[in-house]
Amino acid sequence: MELNLNHVDYLQVGVTSQKTMKLLPTVGRKATQKVAVADHDGVVTCFGMKKGEAVPVFKSLPGQKISRLELGGALGTPQEKIFVSSGSEVRGYTKKGKQFLTFEANLTESINAMHVSGADLFVCASYIYNHYCDCKDQDYYLSGDKINDVLCLPVETVGRIVPILACQDRVLRVLQGSDLQYDVEVPGPPTVLELLNRDGGKGGEEVLYGTADGKLGLVRITKSGPITSWELDNEKKKGGVLCIDTFDITGDGVKDILVGRDDGTVEVYGLDGSNEPTLRFENVLSESVTSIQGGCVGKEMYDEVLTTTYTGWVSGLTTEPQQMVAGPGDEIKMSRETQGKVATLRAELEQLQLKVLQGREKYQQSSHSSTAVSAVPVFSINDKFTLCQDDASYSLTLEVQTAIDNLLLQSDVPIDLLDVDKNSAVVSFSECDSESNGNFLLATYRCQANTTRLELKVRSIEGQYGTLQAYVTPRLQPKTCQVRQYQIKPLSLHQRTHSIDQERPVNTLRLTGQFSFAEIHSWVVFCLPEVPEKTPAGDSITFYFQNTFLGTQLEATYCKGEGNFKSDNISTISILKDVLSKEATKRKINLNISYEVNEDSVSHTLRMIHPKLEYQLILAKKVQLIDALKELQVHEGNADFLIPEYRSILDESAQLLEEYKKQPAHLERLYGMITDLFIDKFKFKGQNVKTKVSQLLAILNNYELESLMEFFSEA
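Residues numbered from 1 in each chain as written. Predicted model: local features only at pLDDT ≥ 70, side-chain atom pairs only at ≥ 80, totals over all residues. Heavy atoms only, no water.

Per an unreviewed UniProt entry, the recorded name for the chain is Bardet-Biedl syndrome 7 protein homolog, and the organism is Culter alburnus. Note on the chain: under the UniProt heading Subunit (unreviewed entry), the record states "Part of BBSome complex." (UniProt positions renumbered as here; feature names shortened; annotations may be inferred.)

So this is what it looks like as structure tokens:
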């Protein structure tokens, strides 16, 4: 079924966090719903729509930034009480705006996730989960990694309290009281949880989750363990999932899944006969979607998908047809209501322009006086620096509440900038002198007029570590700039994984010395991404990692006074050895380092590099042929005389050139990895083979896997 939804803007509040907008339940079936939305100014706004205008029901006073908004009420009654969390405090409002609750959770950190169920309140702050009943402490749990969201299965259906935590280490933790009942492994770091159909489905056990890398899934949380119903991959490389809701927008009697992503994508998935999701509708907004709800807001009888964006726009995708009617001669006529709206907006715009002029004149006059103080405008930035598994690159997303003028990128480590299709900014590079000032990259992005969101991609080299800095300048007067820093770690292309292949040949690095558990954990945090900064509970810990570029793996097990690192790639072990001994020396800690090198692991790593290297060499050869083949085609008038292989190169020339352009220095990167592998293999034997690197490069220029492996074993 074709779904047609039309975009309509309702209201703008301040900058919003994830899950801070809800629709209040209606009294009658046909009535429109009121909207409750909270922002970073600490204001809770509740409004309804009357004759196309947003009419406020109530507005709270400003205060500390609000991180979550949930609806609650006694079980079995309409959930129309509004609960918000700001700092470590939870406040409750009636639907009329009367504040009936102020509860201080006494947490050392701000609440970042909250769920309300009857008299039960569930709050999370970073690693800590707390459960309160009637504002009295009930349960407490310390998670192994950051908690992104919390949910509880419906008590009235399940008959018991089952809290679920979405944790950054790709795990959903199901609790029983203050104890962990079991883990549910998910394919990416989960960012949001929602009950299917808002009630958990038939048995109240079905939970939808969305991940930071854009995947969706449905899992049944049963007493005995989890049952995965379906997982939806992010094949089109859309943004991470920030919000989910279920609502029957298609009107077929089956509730659809509504999804909001951090790249501005709004999606509607329908569930087919086999309960598998299929995409029914997609719309892209210019900024990230922080909240999504299905309901009826603008006009009775017309359902819609309501969204809130990062900068605070509350807008709908409505089933109501647009009020444009084609008259005689196909002239487009506006209805009276629309004409009235346009006239009101024009008058409002003129008033605003007048205010701006008066303000500017006042500022100019005061700036000439000797007592004037220039105030720096404050603006908030929403930034995300994440490793993309598919192409082993880092995605840097910057979102500003006002239009971006320019962005300067500076790096003290060698990194490549990759092309991003969605990016319309103009990039220019400056000369770098890495020896005198330590800069390896200086790039400026000049943005188009209304760009509030910018997405960049960079690829780092393992073993080279430092800082990437982004200087963001928005279109504000007076000119002001904010700096954001991102750490490029020594093993930057490694990603956490649930398990590894134990059959592979491994090299082992063992460290012993007078160091504490917290000290060795801080070194691992320094070396590897996706490791929680907080020292794990217990005496020892094991983490598994996979290299997103090569597919090689790493197992890290450590405790007080001892650390064991196993990898099938000798270069990974070499980098760890260098960095860990450097960190220990900084703290004047004496380390005993021992290692075991497995000769088979080198040929195993070469075999893992082989398909990638072969593919790049074939691609480079094809690209070299394109110009010559085009010339022949022009000369002969057609390409029929060419062999099929050459004809296909001509047919695919645009895609081949596009791919080649997208992978700058890809071959050099692979050559560098093979060279490092060669040097590291002999470094552990105490031999310096740097003089033989030229011979290795000669073999790579006429690449064959067998001759390369022969060179490695003979050298």
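The strand order across the open sheet formed by four strands is S1-S28-S27-S26, and the pairing between neighbours is antiparallel. Edge strands, defined here as strands with exactly one partner in the open sheet, are strand S1 (6–12) and strand S26 (289–295). With strand direction ignored, the average angle separating the axes of adjacent strands in the sheet is 20 degrees. As paired elements, S26 and strand S27 (residues 304–309) share six bridges and run antiparallel to each other. Residue pairing across strands places Gly295 opposite Glu304, the latter belonging to S27. (Pairing = 2+ DSSP bridges. Helix = DSSP H or I, 4+ residues; strand = E, 2+ residues; numbered from the N terminus. Axes fitted to C-alpha atoms, helices over the stretch in contact; angles between N-to-C directions.)

Quick look at the pairing of strand S10 (residues 113–117) now. S10 sits mainly inside the fold: five of its five residues count as buried. Covered by surrounding structure in S10 are Ala113, His115 and Ser117 together with Met114 and Val116, the residues of both alternating faces. Here five bridges tie S10 to strand S11 (residues 120–125), and the two strands are oriented antiparallel to one another. Residue pairing across strands places Ala113 opposite Cys124, the latter belonging to S11. Joining the antiparallel neighbours S10 and S11 is a turn of two residues, in which Gly118 adopts a positive phi near 60 degrees. (Buried < 20%, exposed > 50% of the residue type's maximum accessible area, 1.4 Å probe, protein only.)

What follows is about the environment of Ile82. Relative to the assigned elements, Ile82 resides in strand S7 (residues 81–86). The residues contacting Ile82, other than those within four sequence positions of it, are Leu24, Ala36, Val44, Phe58, Leu69, Glu70, Leu71, Arg91, Gly92, Tyr93 and Thr94. (Contact = heavy atoms within 4.5 Å.)

Next up on the list: the confidence of the model for the chain. When pLDDT is averaged across the chain, the result is 89; 96% of the residues are at 70 or more. Note that residues 325–331 has pLDDT below 50 and, in this model, five contacts with residues that lie over four places away or in other chains. (pLDDT = per-residue confidence, 0-100.)

The sheet built from four strands is open, its strands ordered S2-S3-S4-S5 with antiparallel pairing. Each edge of the open sheet is held by one strand with a lone partner, namely strand S2 (21–23) and strand S5 (53–59). The average undirected angle you get between the axes of adjacent strands in this sheet is 25 degrees. Relative to strand S4 (residues 44–50), strand S3 (residues 35–38) is paired through four bridges, and the arrangement is antiparallel. Across the sheet, Ala36 pairs through a bridge with Cys46, a residue of S4.

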